[in-house]
Amino acid sequence: MAKTKLLLSMAILVAIPATARAQAEPPPSDAPAPPAGSPSSASGASTDAPSTAPAPPSSAVDSSRDVAPPATPPPAPPGEGAALAPPASAPSGHFEFGSYGRVRIASDGRGGTGRQANVVAHGTRIDEESYAELELRREDTFTPDIRTKVVATLALFPPFFHFSGDATQQIAMRNLFAQGTYGPWTMWVGSRMYRGDDIYLLDWWPLDNQNTVGGGAGVTLPDNDTMVQAHVGMQRLDNAYQHQDIQVVAPFGVGAQTITKLDRPRLVETLKATHFFRHVPLRGMAKAGFKVIVYGEAHELSAGTVRDTITNNEDRPVPSDSGWLVGTQLGFWTGERDTHVNLFFRHARGVAAYDPLAVPTTFANDKTTSGSTETLVAIGANYERDMFGVVAGGYLRAFRDGDPSPTSTQKYDEGTLVVRPQVYIGEHFGVAVEGSFQERRLAILDPKANAPLVASALRGGIIPYFSPSGRGTYKRPQLRIIYAVTARSDGARALYPAEDIFATRKTEHFIGLGAEWWFNSSSYP
Amino acid sequence: MKPTLPGHARPVIPRAPGARTVRRALLGALIGAAALAPEVGCVSIPAAEKQPILATHVADWRDEVIYQVLVDRFADGDVNNDYAVRSGSLARFQGGDWKGIEDHLDYFTSLGVTTLWISPVVKNIETDADVDSYHGYWAQDLTQVNPHFGDLASLRSMIAAAHNHGLKVVLDIVTNHMGQIFFYDINLNGHPDVYVSGTGSSSAVTRSSEYDPDFDPRGVQAQTSLGLDGRAPIIFINDPTINRVPPQPGILGTARAYHGLGRILNYDIPVQRLTGDFPGGLKDVATEDPEVRATMIDAYARWVELADFDGFRIDTVKHVEHEFWQEFSQGVRKRLAASGKHNFLMFGEAFDGNDELLGSYTVPGELDSVFYFSQHFQVFDDIFKNAHNPPSQHGTKQIEGLWRDREKYYAKVPQENGIGIAPTKALVNFLDNHDVSRFLFDAKGDKDALRNALTFLMAEQGIPCLYYGTEQDFAGGNDPANREVLWKTGFDTTGDTFRHFSKLARLRQGYLALRRGDTTVRWSTTHTGGEDDAGIFAFERAGGDAQDRYALIVFNTNAKKISSTTDNGTVMSVSLQGKTFVDVLDPLQPTFTSDAGGFLLVTVPAQSARILVPQDQVVTNL
């Protein structure tokens, strides 16, 4: 046990990809169900965000989880030389428009379209599919202590009309919530991307990533360095695991009527505490600081009954299920040029090992997710200095389903390591190169090797780009030329049906153009 | 610490941590996080699920008791392979799997069986005409496991666990046919058609199906309203949703591998029997093709190499030509012997009561054994089942005649590199199986008849084979009613039939004569009514490979009366004179003594048997 834990520590510290004992496969069922039309987002929400270097202390926000800044100190009372306070300002409000988006078009160099070649749940995003969010916000200030915002974010999924000729556009509502701030308290209700820090190169939020409909509250403690946030949310995916409508005889007259047979939302409660250590006096880094986050989730699904309409119209009981998750994050920043590093650890059990947007496909013999576990450690970092920058990310993850069989496609170890150094050419141009390795080791038999099936992908790429807004890892928009080549192992190819070209091709090319932007988006401060 | 100035409280200024502290905190957080993580081990494949080393697990197949398992019906050990299960609909998948077998190995050892014959493991067409391929006989891919039952790892795990429990595993294989993999495009429209014609009054209503047309020795003919158009093209179906896709491996995915002559209409016509499609659209394989033969040998030998099976039960043997069996059996034996697998049993199923036909598959160069179907019909059906129906019951003289023919029609020398036992001594005896209605169904629930038949099964020469569920008094009729789900019994081991069979298994294991002794009939009769010896049948098991071990088994197949081994003053004589015998089957262990002339009078209650062992050979605590 000690040996395993030390190995994990060392792996993170030295970031050696070979220690990532992991495998890959096409979108795994344990991963959140990708937003429709965005198959590359099997790892989770298809939106991404810049790696969130913690904001300057004056606005201690944490990604999209807005928490009120410290209260404005009261004016000095008269008689001590203080001027009279100005009269309170009138309520004010305005609309904001923001967006996150990426568009890309690519060829595989063989006459086909460029296709994402990840083999793990959270692979690199150099060949990621297009996606966009359009956000409209209304922000109001009623008093210095009372503010609101109402956020509506539409997400658009590919294929887009000009590519497919199909005018049907897949749209999802990602944010639709109202938030109010009262002094140090913030409250919100609605549908929301409620999440913490991401690892940009993996388009992944390793610690907390709730795509939720619910409500939450947060408070900044009087020390101004500690935030506590809680939320409760609910999801009921439209499949036989959680929801079923069936036809039954109408109570009056003739004909059938639709009733809800299975109504089993997943209830999720989260609790997060963040503490900032600001202005850590490190040599030459006057604005450095770090933060510690402790996080937990609880998941519950009630029991129910589903009608087996496919086979024999028999009612089958569906047992209740539950799970929990704990995690922690350690973040450090220099305060200069978005240089930072975040370390994440998370462990989940039961249904909490499955993202709420994912449906478990394998179970223990009692038809629950009992016995399922997920454990991960992850790192995301960015360093910028002068004409040079490097952004990197990596993780190790072990997932085990509840299937009593020791062999299952849903038992695996996996990991990714990706590094993207770049050189800035002047203020508005740059060239990034990326190298990555990802591997998934599945608990299914590779008959040739008489061992677990190992799927891996070694990838390299180059991305020259134009950055009109200036030099920096997170400066957007960015217009890019992309070339990537991926070497896929025998195990990676074995994951595809024989008739899929990915079952035979050892090397994948990705030659394309891309653009990415974000501005004024509530998801990305 | 700097001293405070008088009158001034030292201000408390929170001191931010230094760089070393930060680094230590980071390192500590990492190690702490890792320390808090529960044990995370690498995924691995258990040793039992890796490529096995082939070994010979059987010393003498006559010592084995075979238990036929329909995998889908025995035990559901993993709900994650319960695809398309329709509980209670016996023509559909029910969910049993290899994991379920592995989880219940103690059940088999309690029962006393020693070898599991499991239904086919290869990937099938999922379903056809609203009947599922739960039985495994509709093969589509001979190289892949059937995911309904598990994966290769779980198959290996089950077999390894069985071997560790002292159990052997026999694989059911099919070489005669594949599943419903193509249709004959009779009307040349590229589409499988089923048409019904006739009015039912002026003309008979007939149904024709391009999936399963009637046998035509020329090959199924294409035809339109204008007449015949030559052979109908064979068109492979491609419906991946039910795995009805071109078969594997290799040549089996081409039309050349099939006879294409249509469905058997008359089983007594050899050309139809050997080259016609099996009813239900199961396409007959052209087993005379050298490449087909090589493919079959490779495909099935490979399964033994992959999972360390101990034998083959071969389906539909009489529908494949003898030349194939010669090449197949010898090819498999040779290949497996090179890998360290010896004593590999190959026994065939020829659903026929003709001893000459059955025996023809045991000639030198062919199979080690066949199912003793003639005995099934002439003994278990005609005599034991009909105990409740005396006018229909045959006399036991029929058994004597049958066994005499056994010596005439079945090979008396072992197969070269086979199991080392002559087929005459290694026929596989059975009461019933998945293709016939259960014994209790035909016997109208007569459990005494069942237990008496089981005694016969376990005492006679050959290898006994028990169909799963018999020990639980299953009484299903014909397919699929005779393929009941076993796990609903709770694997009860306390029932009378279970305990009776378990005792018989212990007796068989304890007495060498019952396993390996030669057979000499001592009494048979044509009487089935009120005669002294009505229903009596007695035989000795002694000598041969049993050396000096001896057993005398006396049956009363009559359901109405006590009978004895005498008729009109004539008393049965046995080979041991002046010997006292103990009935080891009866818990009270009564004794019977032969006189100096070897005459022995044994009385047997209705539908009962006595297993008489010389007093000095009695084994205690069985």
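Residues numbered from 1 in each chain as written. Chains lettered and ligands numbered in written order. Predicted model: local features only at pLDDT ≥ 70, side-chain atom pairs only at ≥ 80, totals over all residues. Heavy atoms only, no water.

Quick word on the overall build of chain B
- If you tally the helices and strands in chain B, you get 15 helices and 28 strands.
- Scored against the burial criterion, the 622 residues of chain B give a buried share of 57%.
- Pairs at least 24 residues apart make up 71% of the contacts formed inside chain B by residues separated by at least 6 positions. (Helix = DSSP H or I, 4+ residues; strand = E, 2+ residues; numbered from the N terminus. Buried < 20%, exposed > 50% of the residue type's maximum accessible area, 1.4 Å probe, protein only. Contact = heavy atoms within 4.5 Å.)

Here's the deal with the confidence of the model for chain B
Residues and elements named next belong to chain B.
- The predicted model of chain B averages 92 in pLDDT, with 93% of residues at 70 or higher.
- Scored below 50 in pLDDT, residues 1-17 makes 11 contacts in the model with residues more than four places away or belonging to other chains.
- Note on residues 33-39: pLDDT under 50 across the span, and 14 contacts to partners over four residues away in sequence or across chains.
- The complex prediction reports pTM at 0.85, with the ipTM value standing at 0.80. (pLDDT = per-residue confidence, 0-100.)

A word on the side chain of B:N386
Residues and elements named next belong to chain B.
- Within the secondary structure layout, N386 lies in the loop between α10 (373-384) and α11 (397-409).
- Separated by 3.3 Å, the side chain of N386 and the backbone oxygen of D381 make a polar contact.
- Other than its neighbours up to four places away in sequence, N386 contacts D381, S392 and Q393. (Polar contact = N/O pair within 3.5 Å; in protein donor to acceptor, adjacent residues only side chain to side chain.)

Let's talk about α10(B)
- The element α10(B) is extensively covered by neighbouring structure, given that 10 of its 12 residues are classed as buried.
- Those residues of α10(B) lying buried are B:F373, B:S374, B:Q375, B:H376, B:V379, B:F380, B:D381, B:D382, B:I383 and B:F384.

Details of the pattern of salt bridges
All names here are of chain B.
- Inspection of the entire model under this criterion finds 75 salt bridges over all chains.
- The salt bridge partner of D368 is R333, with a shortest N-O separation of 3.4 Å. Pair noted here: D368 is in the loop between α9 (355-359) and β16 (369-370) and R333 is in helix α8 (residues 322-338), with a separation of 35 residues, a long-range link. Like D368, the residue R333 is buried in the burial classification.
- For R499, the salt bridge is made with D496, and the minimal N-O distance between the two is 3.3 Å. With a gap of three residues between them, R499 and D496 both fall in helix α14 (residues 496-510), about one helical turn apart.
- The exposure class of R499 is partly exposed, given its relative accessible area of 47%.
- Assessed through its relative accessible area of 47%, D496 is described here as partly exposed. (Salt bridge = Lys/Arg side-chain N within 4 Å of Asp/Glu carboxyl O.)

Here we look at the sheet that holds strand β20 (residues 536-542) of chain B
All names here are of chain B.
- Sheet architecture is open: six strands sit in the order β19-β20-β21-β28-β25-β26, paired in antiparallel fashion. In this open sheet, the two edge strands, each paired with only one partner strand, are β19 (518-523) and β26 (591-593). Strand-to-strand twist in this sheet, taken as the mean axis angle between neighbours without regard to direction, amounts to 25°.
- Pairing geometry for β20 and strand β21 (residues 550-556), over seven bridges, is antiparallel. By the bridge assignment, A542 is partnered in β21 with Y550. (Pairing = 2+ DSSP bridges. Axes fitted to C-alpha atoms, helices over the stretch in contact; angles between N-to-C directions.)

Things to note about the environment of B:T109
All names here are of chain B.
- Along the chain, T109 falls in helix α4 (residues 105-111).
- A residue is classified by how much of its surface remains accessible, and T109, at 36% relative accessible area, is partly exposed.
- On a C-alpha basis, the gap between T109 and T316 in space is 30 Å, while along the polypeptide they are 207 residues apart.
- In this structure the side chain of T109 is engaged in a polar contact, spanning 3.0 Å, whose partner is the backbone oxygen of D106.

Side note on the packing of helix α7 (residues 290-307) of chain B against α8(B)
Residue and element names in this part refer to chain B.
- Two elements in contact, α7 and α8, have axes whose closest approach is 10 Å; the angle formed by their N-to-C orientations is 35°. The element α7 and its partner α8 pack so that their crossing is right-handed. Contacts between α7 and α8 involve R293, M296, I297, D298, Y300, A301, R302, V304 and E305 from the former and E323, F324, E327, F328, G331, V332, R335 and L336 from the latter. (Left-handed = near helix turned anticlockwise from the far one by under 90°.)

Section: unusual backbone geometry
- A:R476 connects to A:P477 through a cis peptide bond whose omega is 10°.
- Phi at A:N450 is positive, roughly 55°, even though this residue is not glycine.
- Mapped onto the elements of the fold, A:N450 is located in the loop between β19 (429-446) and β20 (451-466).
- If you check the backbone angles, B:N621 has positive phi at about 60° while not being a glycine.
- As for its placement among the helices and strands, B:N621 is situated in the segment after β28 (608-614).
- A relative accessible area of 79% places B:N621 in the exposed class.

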